[in-house]
Amino acid sequence: MEELILDKKQDETRQGEAYAPAELLQKKFEQHFYIESYGCQMNFADSEVVASILQGAGFGPTRNQEEADLIFINTCSIREKAEQTVRKRLTTFKSLKRKKKTLLIGVLGCMAERLKSKFLEEEKLVDLVVGPDAYRSLPTLIEEAAGGQKAVNVLLSREETYADIAPVRLDSNGISAFVSIMRGCNNMCSFCVVPFTRGRERSRDTKSIIQECTDLYENGYREITLLGQNVDSYYYSTSQDQLPPVTFANLLEQVARIAPDLLVRFSTSHPKDITDEVLHTMANYENICKYIHLPVQSGSSRILQLMNRTYTREWYMAKVDRIRSILPDCGISADIIAGFCTEEEKDHLETLSIMEYCKYDFSYMFFYSERPGTLAARRYTDDVPEEIKKRRLEEIVALQSKLSLESNQRDIGKSYRVLIEGDSKKDKAAWKARNSQNKVVVFPKENHSYKIGDFVTVTITACTQGTLLGTIVNH
Ligand code: 5AD
Ligand code: SF4
């Protein structure tokens, strides 16, 4: 089944393309790797860690598959469709392997973890299978694979955070970067495969995070997104240096203090973990963007319980009220699943009504897709017929389109200070930026000499459902 996403620009399940930073492409390496990433932002950040490890082992990046000695595909298992996409991609790599016998193909990430050595048996062309916590072993595994052995490492770790590895920024505009602050997830939402593919939750050493963010700022970056499956449960304590434990609110504050012109974003928040302390920290620092991605999944308390989300409809609504009372101008988005096990029409109507109540600025919306091994797959029957799932999802998408448009219309006449991220995709004579609430803002360059990485003030004059359109305010 096709999954529907309201706005492709906001699509969390980004797909692919190869990439590499220009300065590395110019360097001379004898052997080259090509890497493609699928799925969540965490996977894209992991590919940057992988690139760093490979570079340390003497491999240079390439954007050209034909030139590659190693092809990696960093995979996603969140829904069946994500896995199908990867399988299709692997068959296209087959032809390259026919032409170049020494070419090695490696599967990384969640699908590697889920299928383990089964991958080698099923997909005969795969040489390496490496799970999300085993990337340090890549150089050894590559040697083994080059020697004709099948190389697999899917061990999950309770400690690995790759804290000391400086990621090689791939596909970067030199302005915005993702910094991962934790790995894994302990939540066990019943539909979700992530706890099985990414293991137990662990937080990264605070010092290494601040160091990475400071380095990024000094290298010209002006926007950092702190990443984790559940950032609000960040908690770092060490008995060594007798410092008090660091919570997510503390971490956010430390990052915000690096410089006032460094924008700070974060993703993803679990409603149960986001605290008043975090909300007040957001209110206290202008450079912390006023935007929270707060997945609701369903508006029905009965379904939420089956999903093991640990909150009710009313509790979630009260959390949204709290956000709005502390941060009146905060953007809020959600993830929503249509057609979870046993979902009835009245549950679905509750999902629609909670969306109206929360007035989400945008949402990521999905059909329920049963994942092997999850609690839901073991305990419940995937019993909502496909056409009903589809119809409900369409209703959710239609409502979100209306809410997004209304939300954007409310912004007409307002002015925002935004960071220029690059050219507008459709019009090279216009810039693209995002406001604090994470909405895309597009405006003509006019005769100004602004460049990527500059801050400008833009007044919103019009909008579509997915974009705010504006003009630069002349000073
Ligand atoms: N089926 C459909 N959507 C899912 N998600 C996670 N697991 C599934 C599944 N089995 C969605 C949730 C989550 C987002 C990242 O993906 O909405 O928040
Ligand atoms: Fe999956 Fe729930 Fe963890 Fe998110 S919080 S990764 S949905 S188990």
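Details of the structure are given in the entry above.
The sections below set out a description of the structure shown in this document. (Residues numbered from 1 in each chain as written. Chains lettered and ligands numbered in written order. Predicted model: local features only at pLDDT ≥ 70, side-chain atom pairs only at ≥ 80, totals over all residues. Heavy atoms only, no water.)

### Here's the deal with the packing of helix 2 (residues 41-56) against helix 6 (residues 138-146)
One can describe the packing of helix 2 onto helix 6 by two numbers: an axis separation of 9 Å at closest approach and a directional angle of 65°. Classed by the angle they form, the pair helix 2 and helix 6 counts as roughly perpendicular. Only Leu138, Pro139 and Ile142 of helix 6 make contact with helix 2, whose side of the interface consists of Val50, Ile53 and Leu54. Its residues assigned to classes, the contact of helix 2 with helix 6 comprises 6 nonpolar, no polar and no charged. (Axes fitted to C-alpha atoms, helices over the stretch in contact; angles between N-to-C directions. Helix = DSSP H or I, 4+ residues; strand = E, 2+ residues; numbered from the N terminus. Parallel < 35°, antiparallel > 145°, perpendicular 65-115°, else oblique. Contact = heavy atoms within 4.5 Å. Nonpolar A, V, L, I, M, F, W, Y, C, P; charged D, E, K, R; others polar.)

### Focus on the packing of aromatic side chains
Throughout the structure, instances matching the rule amount to 10 aromatic pairs. Note on Tyr311 and Tyr316: the rings are 5.7 Å apart at their centroids and 40° apart in plane angle, and the pair reads as tilted. In this pair, the class of Tyr311 matches that of Tyr316, namely buried. Connected via pairs of aromatic rings, a cluster forms that spans Phe191, Phe340, Tyr368 and Tyr380. In this arrangement the basic side chain of Arg79 is found over the ring face of Phe366, its NZ or CZ atom lying 3.7 Å from the centre. The ring of Phe455 carries Arg417 above its face, with NZ or CZ at 4.3 Å from the centroid. (Phe/Tyr/Trp six-rings, centres within 6.5 Å; stacked < 30°, edge-to-face > 60°. Buried < 20%, exposed > 50% of the residue type's maximum accessible area, 1.4 Å probe, protein only. Lys NZ or Arg CZ within 6 Å of the ring centre and 35° of its normal.)

### A few points about empty space enclosed by the protein
Applying the stated rule across the entire model yields 3 cavities of 30 Å³ or more. Of the pockets and cavities examined, the largest cavity occupies roughly 780 Å³. In terms of lining, the largest cavity is formed by 42 residues, of which the most central are Ile78, Cys192, Val194, Gln229 and Asp335. Looking at the lining of the largest cavity, the elements with two or more residues in it are helix 2, helix 7 (194-198), strand 16 (331-338) and strand 17 (362-367). (1 Å grid on protein atoms, 1.4 Å probe; cavity = no way out; pocket = protein on both sides within 12 Å on 5 of 7 lines; lining within 4 Å. Points joined across faces, edges and corners; volume = space filled by probe spheres on them.)

### Considerations on the environment of Asp164
Assignment of secondary structure puts Asp164 in the loop between strand 7 (151-153) and strand 8 (176-180). On the basis of relative accessibility, which here comes to 60%, the residue Asp164 falls in the exposed class. Counting along the chain gives 183 residues from Asp164 to Asp347, while the straight-line C-alpha distance between them is 46 Å. A distance of 2.7 Å separates the side chain of Asp164 from the side chain of Arg136, its partner in a polar contact. (Polar contact = N/O pair within 3.5 Å; in protein donor to acceptor, adjacent residues only side chain to side chain.)

### Let's talk about unusual backbone geometry
Here the bond from Ser267 into Thr268 is cis, since omega is 5°, no more than 30 degrees from zero. Within the secondary structure layout, Thr268 lies in the loop between strand 14 (263-267) and helix 10 (276-284). Positive phi, close to 70°, is recorded for Thr310, a residue that is not glycine. As for its placement among the helices and strands, Thr310 is situated in the loop between helix 11 (301-306) and helix 12 (313-326). Positive phi is not limited to glycine here, since Thr342 has a value of about 70°. Relative to the elements of secondary structure, Thr342 occurs in the loop between strand 16 and helix 13 (345-358). Classification of Thr342 as partly exposed rests on a relative accessible area of 27%.

### Quick look at the site of ligand 1
Taken together, Ile78, Arg79, Phe191, Gln297, Asp335, Ile337, Phe366, Phe367, Tyr368, Ser369 and Arg371 make up the full set of residues adjacent to ligand 1. Side-chain polar atom of Arg79 to an oxygen atom of ligand 1: 3.0 Å apart, as the coordinates give it. Take Phe191: an N or O atom from its main chain is 3.0 Å from a nitrogen atom of ligand 1. The set of elements that each furnish at least two residues to the shell around ligand 1 consists of strand 16 and strand 17. In terms of residue class, the shell around ligand 1 is built from 6 nonpolar, 2 polar and 3 charged. (Near = heavy atom within 4 Å.)

### As for the sheet that holds strand 14
Reading across the sheet, the 3 strands line up as 8-11-14 and stay open at both edges, with parallel pairing between neighbours. Looking at which strands have only one partner, the edges of the open sheet turn out to be strand 8 and strand 14. In this sheet, adjacent strand axes meet at a mean angle of 25° when their direction is disregarded. Sheet topology note: the strand 11 (residues 223-227)/strand 14 ladder contains 5 bridges and is parallel. Residue pairing in the sheet places Glu223 in a bridge with Leu263 of strand 14. Most of the contacts of helix 8 (residues 206-218) go to strand 8, to which it runs at about 170°, and overall it touches strand 8 and strand 11. (Pairing = 2+ DSSP bridges.)

### A closer look at the pairing of strand 22 (residues 467-472)
As judged from the 3 bridges shared by strand 20 (residues 440-444) and strand 22, these two strands associate in the parallel manner. Across the sheet, the residue bridging to Val440 is Thr467, located in strand 22. Where strand 21 (residues 455-463) lies against strand 22, 5 bridges are found, and the strand directions are antiparallel. Along strand 22, the bridge assignment pairs Val458 with Ile472. Taking the residues that link successive antiparallel strands as the turn, the strand 21-strand 22 hairpin has 3 residues.

### Digging into the site of ligand 2
Near ligand 2, the surroundings consist of Cys185, Asn187, Met188, Cys189, Phe191, Cys192, Val194, Pro195, Gln229, His270 and Arg309. With respect to the detected pockets, ligand 2 is housed in the largest cavity. Of the residues assigned to the shell around ligand 2, the class counts are 7 nonpolar, 3 polar and 1 charged. (Sits in = over half its atoms within 2 Å of the grid points.)

### Comments concerning helix 3 (residues 80-99)
In this model, helix 3 (20 residues) spans 31 Å end to end at C-alpha, consistent with the 28 Å of a helix rising 1.5 Å per residue. Of all the positions in helix 3, only Ala82, Glu83, Val86, Leu90, Phe93, Leu96 and Lys97 are classed as buried. At its buried positions, helix 3 is contacted by strand 2 (31-39), strand 4 (70-75), strand 5 (104-109), helix 4 (110-115) and helix 5 (118-122). (Expected span 1.5 Å × (residues − 1).)

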